[in-house]
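Here is how the chains run, residue by residue.
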Amino acid sequence: MKGFLLLLLIAVECFAQVKPGARQIALAHSDVACGDDVFSLFNNPAGLSAVTSREIGAYYSPAPFEMKELSNAFGAYCEPTDFGNVSAGFSIYGFELYKETQVALGFGRQLFRNFSAGITAIYKNISIKNYGSAGKVLLNIGATAKISDKFSFGFAADNITRSTINDESNQIPTQFIIGANAKLAKELLINLALNKEIGYNASVMFGTEYTLIDFLRLLFGIS
């Protein structure tokens, strides 16, 4: 057990900080104010409230930066109901020597006409070959507010429980994201967000989305 805890200390910076969604990644995760698909479960759970029909999503990246050791996969499902939208999903990160798995349950609801909130509970398990595994439950929360037809604001907080695998603080990242969305034209959306992880400097994220025709969009993001 001591050896396992020692490896966790060494691997603390290796914990996956990957979030899914082709649209979200293309926008550099600046879309905290306008997420509206099944992957809101992992990004901003308030966005689940905007899903209008049953939805399922899958995401897989076999070798980021040409490294199969960073392989990651996500799956998610959202079911709209009369009292709010319920979602469930999973993720797998790593390879045979070091692997992280997550199981998530989320709920998003429109509380007022222009305000929605959501919460995601995640069980996170870390497994190191020949040393065993350990897991923790953590909570993510989020909210979105539509100021007008052209402006929206969003907020999300990951791991608000400050959960850790052992007694080391900040072992599983705790971060806060706040952002805004502006619809400059019918076809053009602009996103701007600020991400602050405890113990690290804040980062700025920018993204733009242009609709060429129905079902075809151009997206760009930078952070």
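Residues numbered from 1 in each chain as written. Predicted model: local features only at pLDDT ≥ 70, side-chain atom pairs only at ≥ 80, totals over all residues. Heavy atoms only, no water.

A. Main features of a nonpolar patch on the surface. There is a patch of nonpolar side chains on the surface, built from F155, I160, F176, I178, L192, L194, V204, F206, F220 and I222 and spanning about 860 Å² of accessible area. Taken together, the elements giving at least two residues each to the nonpolar patch come down to β8 (175–183), β9 (188–197), β10 (203–213) and β11 (216–222). Assignment of secondary structure puts F206 in strand β10. Overall, the relative accessible area of 30% leaves F206 in the partly exposed class. (Patch = residues over 30% accessible without salt bridge, like charges linked within 9 Å, V, L, I, M, F, W, Y side chains within 5 Å. Areas by Shrake-Rupley, 256 points an atom, 1.4 Å probe, with all protein chains shown as cover. Salt bridge = Lys/Arg side-chain N within 4 Å of Asp/Glu carboxyl O. Helix = DSSP H or I, 4+ residues; strand = E, 2+ residues; numbered from the N terminus. Buried < 20%, exposed > 50% of the residue type's maximum accessible area, 1.4 Å probe, protein only.)

B. Structural context of the sheet that holds β11. Spatially, the eleven strands line up as an open sheet ordered β1-β2-β3-β4-β5-β6-β7-β8-β9-β10-β11, and their pairing is antiparallel. Since the sheet does not close on itself, it has two edges, and those belong to β1 (55–61) and β11, each with one partner. With strand direction ignored, the average angle separating the axes of adjacent strands in the sheet is 15°. Both β9 and β10 contribute to a ladder of eight bridges, which runs antiparallel. Pairing of N191 across the sheet is with G207, part of β10. (Pairing = 2+ DSSP bridges. Axes fitted to C-alpha atoms, helices over the stretch in contact; angles between N-to-C directions.)

C. Structural context of the nonpolar core. Among the nonpolar cores identified, the biggest contains 20 residues, and F39, L41, F42 and A76 are the most heavily contacted of them. Breaking this core down by element, the ones donating at least two residues are β2 (72–81), β4 (98–112), β5 (115–128) and β6 (132–146). Contacts of F42, omitting those with residues within four sequence positions, involve K19, P20, F74, G75, A76, G89, F90, Q102 and A104. Counting residues in hydrophobic clusters, the runner-up holds five residues, among them V32, I177, A193 and M205. (Core = buried A, V, L, I, M, F, W, Y, C linked by side-chain atoms within 4.5 Å. Contact = heavy atoms within 4.5 Å.)

D. Broad picture of the pattern of salt bridges. Overall, the coordinates contain seven salt bridges when judged by the stated rule. When salt bridges that share partners are traced, they join R23, D36, E209 and R217 into one network.

E. A look at the state of the cysteines. All told, the structure shown has zero disulfides when counted by the stated rule. Distance from the sulfur of C34, which forms no disulfide, to the nearest cysteine sulfur (C78) is 16 Å. Classification of C34 as buried rests on a relative accessible area of 16%. Residue C78 is classed as buried on the basis of its relative accessible area of 0%. (Disulfide = S-S within 2.5 Å.)

F. Region of interest: the pairing of β8. Pairing analysis gives eight bridges linking strand β7 (residues 151–158) to β8, with the strands arranged antiparallel. Of the residues in β8, the one forming a bridge with G154 is G179. For β8 and β9, the ladder comprises nine bridges, and the chain directions are antiparallel. Bridge pairing in β9 links I177 to N195.

Distances and angles like these do not, on their own, reveal function.
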